[in-house]
Amino acid sequence: MEWRHGGDWAGYERKYNREIKPLDFSANVSPLGVPAGVQEALREAACHADCYPDPFCRALRDAVAEWEGLLAGQIVCGNGAADLIYRIVWARKPRRALVTAPAFSEYEAALQTVGCKVDRYPLKAENGFQMGPDFLRAIEPGTDVVFLCEPNNPAGITTPYELLLEVIERCRTVGAQLIVDECFNGFLDHPEAHTLKPQLSGAPHVLLLKAFTKLYALAGVRLGYVLGTDSAFLETLYRAGPPWNVSTLAQAAGIAALEETAYVEQLRQLIQAERLHLLEGLQGMGLRVIPSEANYLLFQSKIPLLCPLRKRGILLRGCGDYAGLDETWYRTAVRTGTENGKLLAAIKEVLR
């Protein structure tokens, strides 16, 4: 089996027979590690692993509701963002959908499980992978769902907010449900200025997708949630998959993570500084780099990088499997200054 996402450190260890984990730039996870308070919450929750988890995530939903300024009934928790993407699709069962390309592959993969016809709106390199106003024309009568990622993945670019408001209205006009993936919103310089959360009260056809995976380094815990105001659909969404999908440990980790405000601020400052450092370092080697607003960079190299870097103990995300990209495109996470320096030195060595 071939893994199409980043973060496959286990596959690397098995292939190269190494016990030391690689330096992983293929997964866009916080380089600061799991916050200390969350680690303690996980240890305490492990003592209660003999009991079934709360099937409704009551305490977690209350904590998220307070954090987001919404009601607990407007939140559905899941086993990471991917779990919720599939649940949304299974609950809606769309016949026709619109996605951007390139984009996170699980949108399309989930849609294919229900036999949905998928239309792709191309994000072009010559336009910096920026979505344009013509996206509105792509939302046609008969479009059942629209998936957007803000900032998008793998380029890390946001859409102008006014255009997003027009997309909301266009989806309302044609009767389409709009799912906006905000899993990387927390890495923006000003996250609250770009979230569509303020629009939810007047837009029951809009769902926002969030996760603890990236911002709190909880990729191995698996925890995400959906925000929406259509209570009937949220009930259907909750029932669209197996029960107990959020473990006791994940629920405890999520509650503790929301207290880690100092951690998030430290992380955001680190990403702002190191993103520029990494951008300038890659550009200095003559590589084409897309200026990102998130915690990762999309860049192009005519010289293959994946295998040479793996032999040096470094994982990079090859983007040849993204619709609209080829094998010359790569995505790298932004990590600490020391780690980014090692990546830049390794790439420079390969390019010689």
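Before reading further, recall that the structure is shown in the block above.
It should be emphasised that the depicted structure is a prediction, and the values quoted were computed from it without experimental measurement.

Peer 1: When you look at the packing of aromatic side chains in this model, what are you seeing that I'm missing?
Peer 2: In this description, a pair of aromatic rings is defined by centroid distance and the angle of the planes. Taken as a whole and assessed by the stated rule, the structure comprises twelve aromatic pairs. With a centroid separation of 4.6 Å and 25° between ring planes, the pair formed by Y52 and W244 is classed as stacked. Here W244 lies in the loop between α8 (231–239) and α9 (248–257) and Y52 lies in the loop between α2 (36–46) and α3 (58–68), a separation of 192 residues in the sequence. Look at Y52 and you get exposed, because its relative accessible area is 66%.

Peer 1: Would you mind showing me how to read helix α5 (residues 105–112) here?
Peer 2: An α-helical turn contains 3.6 residues, so any two residues separated by three or four positions project in the same direction. A large share of α5 lies buried, amounting to six of its eight residues. Of all the positions in α5, only E106, Y107, E108, A109, A110 and L111 are classed as buried. If you follow the buried residues of α5, they end up packed against α4 (81–92), β3 (96–101), β4 (117–122), β5 (145–149) and β6 (177–181).

Peer 1: Just to check I follow, could you spell out the pattern of salt bridges for this structure?
Peer 2: Close approach of charged atoms allows side chains of opposite charge to pair. Considering all chains together, one arrives at 17 salt bridges under this definition. K210 is the salt-bridge partner of E68, the closest N and O atoms lying 3.2 Å from each other. One end of the pair, E68, is in helix α3; the other, K210, is in strand β7 (residues 206–211), and 142 residues separate them in sequence. With a shortest N-O distance of 2.6 Å, D119 and R96 are connected by a salt bridge. Placement of the pair is D119 in strand β4 and R96 in strand β3, with a sequence separation of 23 residues. Of the residues examined, D119 reaches a relative accessible area of 16% and is grouped as buried. Classification of R96 as partly exposed rests on a relative accessible area of 21%. By sharing partners, the salt bridges in this structure join E68, E182, K197 and K210 into a single network.

Peer 1: Is there a simple way to explain the state of the cysteines in this structure?
Peer 2: Here, the word disulfide means a covalent bond between the sulfur atoms of two cysteines. Following the criterion strictly, the structure yields zero disulfides and no others. In this model C319 remains outside any disulfide bridge; the closest cysteine sulfur is found in C149, 13 Å from its own. By relative accessible area, which is 1% here, C319 ends up buried.

Peer 1: Could you clarify how one ought to interpret the packing of α3 against α9 in this entry?
Peer 2: A pair of packed helices can be characterised by two numbers: the angle between their axes and the separation between those axes. Contact pair α3 / α9: the axes reach a minimum separation of 9 Å and the direction vectors enclose 25°. Comparing the axis directions of α3 and α9 gives the class roughly parallel. Between α3 and α9 the crossing geometry is left-handed. Where α3 approaches α9, its residues A59, L60 and A63 are matched on the opposing element by Q251, G254 and I255. Looking at side-chain class alone, the contact of α3 with α9 contains four nonpolar, two polar and no charged residues.

Peer 1: Honestly, the packing of α4 against α5 in this entry has me stumped. Any pointers?
Peer 2: Put simply, α4 and α5 touch, their axes get as near as 9 Å, and they point 35° apart. The chirality of how α4 crosses α5 is right-handed. Taken together, the residues of α5 that come into contact with α4 (itself represented by I85, Y86 and V89) are E106, Y107, A109, A110 and L111. Partitioned by chemical class, the residues of the contact of α4 with α5 number seven nonpolar, no polar and one charged.

Peer 1: Honestly, the sheet that holds strand β9 (residues 288–290) in this entry has me stumped. Any pointers?
Peer 2: For sheets, the rule is that strands pair by backbone hydrogen bonds, running either parallel or antiparallel. Pairing in this open sheet of four strands is antiparallel, and the strands run β9-β10-β13-β12 from one edge to the other. Each edge of the sheet is formed by a strand with only one pairing partner; in this case those strands are β9 and β12 (317–318). Bridging between β12 and strand β13 (residues 329–333) involves two bridges; their strand directions are antiparallel. Looking across to β13, one finds that R317 is bridged to R331. Its contacts with the sheet place helix α10 (residues 261–284) against β9, β10 (296–300) and β13, and it is angled at close to 10° to β10.

What counts and what doesn't
- Residues numbered from 1 in each chain as written.
- Predicted model: local features only at pLDDT ≥ 70, side-chain atom pairs only at ≥ 80, totals over all residues.
- Heavy atoms only, no water.
- Phe/Tyr/Trp six-rings, centres within 6.5 Å; stacked < 30°, edge-to-face > 60°.
- Helix = DSSP H or I, 4+ residues; strand = E, 2+ residues; numbered from the N terminus.
- Buried < 20%, exposed > 50% of the residue type's maximum accessible area, 1.4 Å probe, protein only.
- Contact = heavy atoms within 4.5 Å.
- Salt bridge = Lys/Arg side-chain N within 4 Å of Asp/Glu carboxyl O.
- Disulfide = S-S within 2.5 Å.
- Axes fitted to C-alpha atoms, helices over the stretch in contact; angles between N-to-C directions.
- Parallel < 35°, antiparallel > 145°, perpendicular 65-115°, else oblique.
- Left-handed = near helix turned anticlockwise from the far one by under 90°.
- Nonpolar A, V, L, I, M, F, W, Y, C, P; charged D, E, K, R; others polar.
- Pairing = 2+ DSSP bridges.

These figures capture arrangement, not role.
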